[in-house]
Amino acid sequence: MLILHCPYCGVDAEETELHAGGQAHLTRETVGSDDEAFEDYLFMRENPKGVHFERWRHASGCGKWFHAARCTTTLEVFGTYSAQTTAPPREICDAISGKRPGWSWKTFSARMFS
Amino acid sequence: MSEVQGLLRSDGFVAVRQLPLRGMITVKGDLSATALKNVATGLSGVDFPGPRECNCVGDNGIAWMAPDEILLMVTHATIPDAMAKVAATLQGQHYLAADVSDARTIFELEGAGVREVIAKLAPVDLAPDVFPPSAFRRTRLGQVPAAFWLKDNQTAELICFRSVTQYVFDILTHAARANTQVSYF
Ligand SMILES: [Zn+2]
């Protein structure tokens with residue numbers, strides 16, 4: 001059972017109180033984007049074994065969307081953070097680096113803040 | 001559709017009672033704004049709650065719903081006045097106020113095992129040191145959204161959507177059946 005701390009209301013919510021929102025930090029392609037970028041945005045998603053970034057909504061709670069960084073193999077949660085960002089904040093990346101040295105995910109990696 | 005009203009069952013280890021309609025106004029806005037706090041505390045007569053808290057006396061209260069949302073409770077008959085007062089006080093500010101009174105049902109649960117009845121149905125730690133009286137939680141109850149707070153260690157108030165009144169009453173009374181107490185807390 002996954003338990004995520006909602007950064008908005010402060011509740012440690014278990015999975016059944018949450019709604020999964022899929023991969024985090026997508027770039028929303030739009031008018032003017034080329035076909036390849038658009039296809040990527042619409043259809044291509046990361047499916048990592050290990051560090052992953054996701055969107056979640058505290059659906060049966062305060063109702064807010066937030067971000068979570070976790071490990072898909074162990075279900076370990078590295079941290080949750082605000083939805084109002086396009087990249088994981090430093091403390092989240094540091095927390096992941098402490099547990100999974102050398103991690104990388106799309107354009108984010110352990111090197112970002114080293 | 002016939003209206004479900006006045007549901008009551010008290011043969012379990014916790015009594016479940018549907019309360020009469022209560023005035024409820026959802027207010028969204030900047031919870032640190034003086035005008036918002038003043039109109040909420042002025043209309044309800046209770047202190048402004050902190051995060052995950054509800055202050056409620058009788059029909060009047062304020063529940064903290066989210067960092068930008070409160071539920072303002074008043075007696076049902078005073079709703080038009082309360083809505084007018086909110087509008088007048090917050091005019092020109094970025095806010096939203098909606099009268100949700102008729103969208104809601106409110107239950108009172110009473111009995112020494114009140115924590116247990118709720119804990120059987122909601123994914124919430126109801127241990128006395130974690131969830132003291134005045135703590136407030138928006139969550140799910142069985143399969144539907146609900147919110148509750150403890151008035152004291154034996155009494156809780158619980159709100160849900162009016163459309164699921166019968167379902168919520170049924171699962172509450174089922175969880176409160178006599179001789180099903182786990183005595184965990
Ligand atoms: Zn929340």
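Within each chain, residues carry numbers counting from 1 in the order of the written sequence. Written order decides the labels, with chains lettered from A and ligands numbered from 1. Predicted model: local features are reported for residues with pLDDT of at least 70 only, side-chain atom pairs are reported and counted for 80 or more only, and whole-chain, interface and lining totals are derived from all residues. Calculation of side-chain values draws on the structure's entire complement of heavy atoms; hydrogens and water are dropped beforehand.

As recorded in an unreviewed UniProt entry, chain B goes by Sarcosine oxidase subunit gamma and comes from Litoreibacter roseus.

Naming follows an unreviewed UniProt entry, where chain A appears as Sarcosine oxidase subunit delta of Litoreibacter roseus.

**Regarding the overall build of chain A**
Helix numbering and strand numbering both begin at the N terminus, where a helix is a DSSP run of H or I of at least 4 residues and a strand a DSSP run of E of at least 2. On a plain count of helices and strands, chain A comes out with two helices and eight strands. If you list the helices and strands of chain A from N to C, you get β-β-β-α-β-β-β-α-β-β. Here chain A has a C-alpha radius of gyration of 15 Å; the compact-globule value for 114 residues is 13 Å, and the two agree. Only protein chains enter the accessibility calculation, which uses a 1.4 Å probe; a residue whose area is less than 20% of its type maximum is buried, one above 50% is exposed, and one in between is partly exposed. Per-residue burial over chain A gives 36% buried out of 114 residues. Any two residues having at least one pair of non-hydrogen atoms within 4.5 Å are treated as being in contact. The contacts in chain A between residues at least 6 apart in sequence include a share of 47% that link residues at least 24 apart. For the radius of gyration, the atom set is restricted to C-alpha positions; the globular benchmark scales as 2.2 Å times the number of residues to the power 0.38.

**As for a negative patch on the surface**
Residues and elements named next belong to chain A. To count toward a patch, a residue needs a relative accessible area above 30% and no salt bridge. Like charges then connect within 9 Å, nonpolar side chains (Val, Leu, Ile, Met, Phe, Trp, Tyr) within 5 Å. In short, Shrake-Rupley with a 1.4 Å probe defines the accessible areas, and a residue's cover is counted only from the protein chains shown. One side-chain nitrogen of Lys or Arg within 4 Å of one carboxyl oxygen of Asp or Glu is enough to make a salt bridge. The positive count covers Lys and Arg only, the negative count covers Asp and Glu only, and His and the chain ends enter neither. To locate a charge, take NZ of a lysine, CZ of an arginine, CG of an aspartate or CD of a glutamate. A cluster of acidic side chains, namely D34, D35, E36, E39 and D40, defines a negative patch on the protein surface. Relative to the helices and strands, D40 resides in helix 1 (residues 35-43). Residue D40 is classed as partly exposed on the basis of its relative accessible area of 45%.

**Some thoughts on the side chain of H52 of chain A**
All names here are of chain A. Note on placement: H52 falls in strand 4 (residues 51-57). The exposure class assigned to H52 is buried, which follows from its relative accessible area of 7%. N or O atoms closer than or at 3.5 Å make up a polar contact, with two conditions inside protein: a donor-capable atom paired with an acceptor-capable one, and, for residues adjacent in sequence, both atoms drawn from side chains. Engagement of the side chain of H52 in a polar contact is seen with the side chain of W105, the distance being 3.0 Å. Beyond its immediate sequence surroundings of up to four residues, H52 is in contact with Q23, E46, A68, A69, R70, T72 and W105.

**With respect to helix 2 (residues 79-90) of chain B**
Residue and element names in this part refer to chain B. An ideal rise of 1.5 Å per residue puts 16 Å on 12 residues; helix 2 measures up with 16 Å between its terminal C-alpha atoms. Of the positions making up helix 2, those classed as buried are I79, A82, V86 and L90. Burial along helix 2 is one-sided: seen end-on, the buried residues are contained in an arc of 65°. Turned more than 90 degrees away from the buried face of helix 2, the exposed residues are P80, D81 and A88. Tucked into the core, helix 2 has its buried residues touching strand 3 (23-28), helix 1 (34-44), strand 6 (69-74) and strand 7 (96-99). Where helix 2 terminates, the next one or two residues include G92, which has phi positive at roughly 90°. An expected span of 1.5 Å times one less than the residue number is assigned to each helix. This arc is built from the directions going out from the helix axis to the C-beta atoms.

**Some thoughts on the layout of surface pockets**
Residues and elements named next belong to chain B. Taken as a whole, the largest pocket holds about 310 Å³ of empty space. Of the two site types, the cavity is a set of points on a 1 Å grid over the protein atoms alone where a 1.4 Å probe fits but cannot get out, and the pocket is an open set with protein on both sides within 12 Å along at least five of seven lines, each lined by residues with an atom within 4 Å of a point. Lining the largest pocket are 17 residues; nearest its centre among them are M65, R104, R138, P145 and F161. Of all the elements in the fold, those that place two or more residues in the lining of the largest pocket are strand 9 (136-141), strand 10 (144-152) and strand 11 (155-161). Of the residues that constitute the lining of the largest pocket, the class distribution is eight nonpolar, five polar and four charged. An automatic or database domain assignment supplies the residue ranges for each domain. Residues lining the lining of the largest pocket come from more than one domain, with at least three contributed by each of domain 1 (9-19 + 103-176) and domain 2 (22-102). Grid points are joined across faces, edges and corners, and a volume is the space filled by probe spheres set on the points. Roughly 260 Å³ of internal volume is contained in the second largest pocket. Forming the boundary of the second largest pocket are 13 residues, of which R52, V130, F131, A135 and R137 lie nearest the centre. Under this grouping Gly is polar, as are all residues other than the nonpolar Ala, Val, Leu, Ile, Met, Phe, Trp, Tyr, Cys and Pro and the charged Asp, Glu, Lys and Arg. Among the residues forming the lining of the second largest pocket, the class breakdown is eight nonpolar, one polar and four charged.

**Notes on empty space enclosed by the protein**
Empty space among the atoms can be located by rolling a probe the size of a water molecule over them. Counted under the stated rule, the structure contains one cavity of 30 Å³ or more. The volume enclosed by the largest cavity comes to roughly 70 Å³. Every residue lining the largest cavity is listed: C9, V11, H58, G61 and C62 of chain A together with R52, W64, M65, F136, R137 and R138 of chain B. At the level of elements, strand 5 (60-66) and strand 9 of chain B are the ones that each hand at least two residues to the lining of the largest cavity. Top contributing element to the lining of the largest cavity by residue count: strand 9 of chain B, with three residues.

**Some thoughts on the coordination of the zinc ion**
Residues and elements named next belong to chain A. Donor atoms from the polypeptide that coordinate the zinc ion comprise C6 (SG), C9 (SG), H58 (ND1) and C62 (SG), at 2.0 to 2.4 Å from the metal. Mapping the donors of the zinc ion onto the primary sequence gives the spacing C-x2-C-x48-H-x3-C. One exposure class covers both C6 and C9, and it is buried. Each metal site lists N, O and S donors within 2.8 Å (3.2 Å for Na, K and Ca). With water left out of the atoms, a site can look as if it is missing ligands.

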